[in-house]
Amino acid sequence: MSERAHRLMRAGLVALTVGAIVAVLWILLGGVPWWLGDLRVYHFGGELARSGQSLYGTPLVAEQGTADQMEIVLWFTYPPFAALLFTPLSFLPVSAFGAVMHVLTVASLVALVWLVHRAVRPERRRLRMVLAVTPLLLFLSPVAETMMLGQVSVLLVVLVLADLIRPEGAAWRGVGVGLAAGIKVVPAVFIVHLFLTGQRRSAVTATITFAGTVLAGALLFPADTWTYWTGLLWEVARVGEVHVTFNQSLHGVVARLLHAPDAGTLGLVLSAVVLAAGLWVAFRLHRGGHTVEGLLAVGITAPMVTPIGWHHHWSWIVPVLALLYTTARRARSARMWAFTAFITLMYTGGLFYLASPYPVIYPEGVAGHLLGSVFVIGGLSLLLAGAVRSRRVPETAEPSRVSRRVSRLAHEVTAFGAVGAVAYVIDVGGTNLLWMVLGEDQGHLTAKVVAVVAATTFAYFGNRHWTFRHRERGGLAREYVRFAALNGVAAGISLLCLGFTVYVLQLDGLLAKNIAANVVGVALGAAFRFWSYKKWVFPPRLAEVELAR
């Protein structure tokens with residue numbers, strides 16, 4: 001790059017920084033009539049906590065900042081511990097509370113760029129990167145929505161990243177994650193990441209801290225705590241509508257594709273698959289020594305798999321872009337800069353707002369659905385890039401015993417799921433094919449028996465020669481009989497779930513029966529199969545027993 005180009009770039013960055021500072025000051029002085037709807041909910045929750053009222057029984061009726069001043073009903077949807085934290089701030093007027101939140105949000109952006117750059121390139125000066133990148137981040141849709149609504153999302157990202165970016169043996173490492181999970185439950189996914197990567201001390205610290213937030217809420221708000229953790233946590237309707245295009249999660253994408261109010265079982269399955277993939281990418285990156293990238297993979301995965309993923313829930317894109325800009329500048333690669341520009345474009349929000357004139361309208365056509373899903377597309381692209389990077393990471397050190405066990409378990413679960421999926425297709429598809437061949441008036445049970453035997457046989461050989469090929473081998477006939485018997489027990493578990501739902505709980509609706517038999521029953525049956533196969537059909541070899549000690 002020529003000296004003239006460098007001078008022009010520096011001048012542009014200075015102008016952009018000055019413009020961003022002026023814009024923030026204008027916001028703080030009230031020049032932009034932002035609605036601060038979520039901040040009003042925080043303020044309202046603090047007031048309810050001070051007055052001793054139920055945190056979840058009284059709605060807040062607020063005017064939306066639109067031309068017609070439409071009134072909407074908002075609910076406090078956070079854990080009781082969050083209301084406890086918001087109680088002191090509720091003494092401030094909403095405008096002052098908003099000014100505080102805006103200052104903290106901008107400071108958090110600076111802190112995130114600083115933390116990422118220090119972790120990735122500790123030998124380089126960070127002030128230039130902070131001045132160059134922070135103004136760009138203010139124009140991202142997640143950041144703009146955070147400031148418009150007065151959200152705490154960026155603050156929680158700083159709390160988690162500043163906590164976990166420290167060395168594994170650092171004192172009190174994990175407390176920040178536990179506190180963030182106590183304010184909004186979704187950061188608890190980082191506790192899972194800590195356990196999977198063998199960071200037991202930090203994982204236990206985070207778990208105890210999270211449990212402490214729940215206990216604090218229970219001591220001060222016992223009835224509200226019981227109500228929230230046993231029911232309201234699962235009521236997505238209190239948070240918003242799943243199908244609206246503002247919901248940039250897999251559930252929202254599926255609901256819009258189905259033109260349905262929710263994503264149903266398909267959304268749950270896809271979210272579970274992406275969650276497993278995201279945690280696996282994070283695990284691989286962490287094992288390769290890329291701790292920061294692993295944390296960012298978890299942060300990007302979380303809003304994709306939750307039922308509701310509003311724009312501000314994607315605030316982890318801030319440290320992601322800080323990392324991409326730092327890496328692209330170091331690599332001096334046109335391909336890296338192109339990918340960084342692509343991710344930046346995905347989260348500016350400009351493409352998204354082309355999807356529909358108002359976010360409750362279902363997008364039309366392929367282009368409409370793609371434009372209405374840009375955050376998810378960007379998130380999947382980042383996970384794919386992380387997976388590619390993790391494969392290129394050289395294994396410089398012998399993996400720990402925990403890493404080896406987790407890697408082996410991940411292989412078994414993945415292979416087991418793939419074999420089970422193919423066996424399911426053989427069962428269902430074979431049954432229907434034989435019904436067609438044999439005719440509708442005969443072969444009802446014969447077709448099912450043949451298909452079940454074929455599916456069971458395939459599952460047996462698939463698990464024997466792929467999933468558990470590293471484990472002990474016994475006699476073929478004995479293994480097959482045990483395998484088939486345990487499959488019968490698993491089928492019985494599904495029937496028991498269905499019978500309990502219909503005859504004990506007295507829930508005989510179509511949805512209840514499907515959830516009991518085809519969701520809960522299938523999940524419990526699959527877990528039983530996996531455990532019982534390892535214990536009685538394909539027992540561990542002596543070397544694996546030694547590894548487990």
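Novice: Please explain the overall build of the protein chain as it appears in this structure.
Specialist: Within the protein chain, the regular secondary structure consists of 23 helices and two strands. Across the 549 residues of the protein chain, 44% fall into the buried class. In the protein chain, 70% of the contacts between residues at least 6 apart in sequence involve partners at least 24 apart. For the protein chain, the accessible area works out to roughly 27600 Å², and carbon and sulfur atoms hold 69% of it.

Novice: Looking at this structure, I do not really get the confidence of the model for the protein chain. What am I missing?
Specialist: In regions of low pLDDT, the predicted coordinates are not meant to be interpreted in detail. When pLDDT is averaged along the protein chain, the result is 80; 80% of the residues meet or exceed 70. Counted against residues more than four places away or in other chains, residues 65–69, with its pLDDT under 50, gives three contacts. Confidence over residues 545–549 falls short of pLDDT 50; this stretch has six contacts with residues more than four positions distant or in other chains.

Novice: Hey, could you run me through the packing of helix α16 (residues 334–346) against helix α18 (residues 374–391) in this one?
Specialist: Helix-helix packing is described using two parameters, namely the angle between the two axes and the distance between the axes. Running from N to C, α16 and α18 cross one another at 150 degrees; their axes reach a closest spacing of 9 Å. As far as their axial angle goes, α18 and α16 are roughly antiparallel. Where α16 crosses over α18, the handedness of that crossing is left-handed. Contacts from Phe339, Phe342, Ile343 and Met346 of α16 reach α18 at Val374, Phe375, Ile377, Gly378, Ser381, Leu382 and Ala385.

Novice: Even after reading the chapter, I still don't get the packing of aromatic side chains, so can you show me in this structure?
Specialist: Within this structure, the stated rule accounts for 24 aromatic pairs. Measuring from ring centre to ring centre gives 5.4 Å for Tyr460 and Tyr480, while their planes differ by 90 degrees; the resulting arrangement is edge-to-face. Of the two residues, Tyr460 sits in helix α20 (residues 444–467) while Tyr480 sits in helix α21 (residues 476–504), which places them 20 residues apart along the sequence. On the basis of relative accessibility, which here comes to 26%, the residue Tyr480 falls in the partly exposed class. With a centroid separation of 5.4 Å and an interplanar angle of 25 degrees, the aromatic rings of Phe468 and Phe538 are classed as stacked. In this pair, Phe468 is assigned in the loop between α20 and α21 and Phe538 in the loop between α22 (510–537) and α23 (542–548), connecting sequence segments 70 residues apart. Of the two residues, Phe468 and Phe538, both sit in the buried class. What links up through ring pairs into an aromatic cluster is the set Phe416, Tyr460, Phe461, Phe468, Tyr480, Phe483, Phe530, Tyr533 and Phe538. The positively charged end of Arg50 is found above the aromatic ring belonging to Phe91, 4.2 Å away from the centroid.

Quick notes on the rules
Residues numbered from 1 in each chain as written. Predicted model: local features only at pLDDT ≥ 70, side-chain atom pairs only at ≥ 80, totals over all residues. Heavy atoms only, no water. Helix = DSSP H or I, 4+ residues; strand = E, 2+ residues; numbered from the N terminus. Buried < 20%, exposed > 50% of the residue type's maximum accessible area, 1.4 Å probe, protein only. Contact = heavy atoms within 4.5 Å. Areas by Shrake-Rupley, 256 points an atom, 1.4 Å probe, with all protein chains shown as cover. pLDDT = per-residue confidence, 0-100. Axes fitted to C-alpha atoms, helices over the stretch in contact; angles between N-to-C directions. Parallel < 35°, antiparallel > 145°, perpendicular 65-115°, else oblique. Left-handed = near helix turned anticlockwise from the far one by under 90°. Phe/Tyr/Trp six-rings, centres within 6.5 Å; stacked < 30°, edge-to-face > 60°. Lys NZ or Arg CZ within 6 Å of the ring centre and 35° of its normal.

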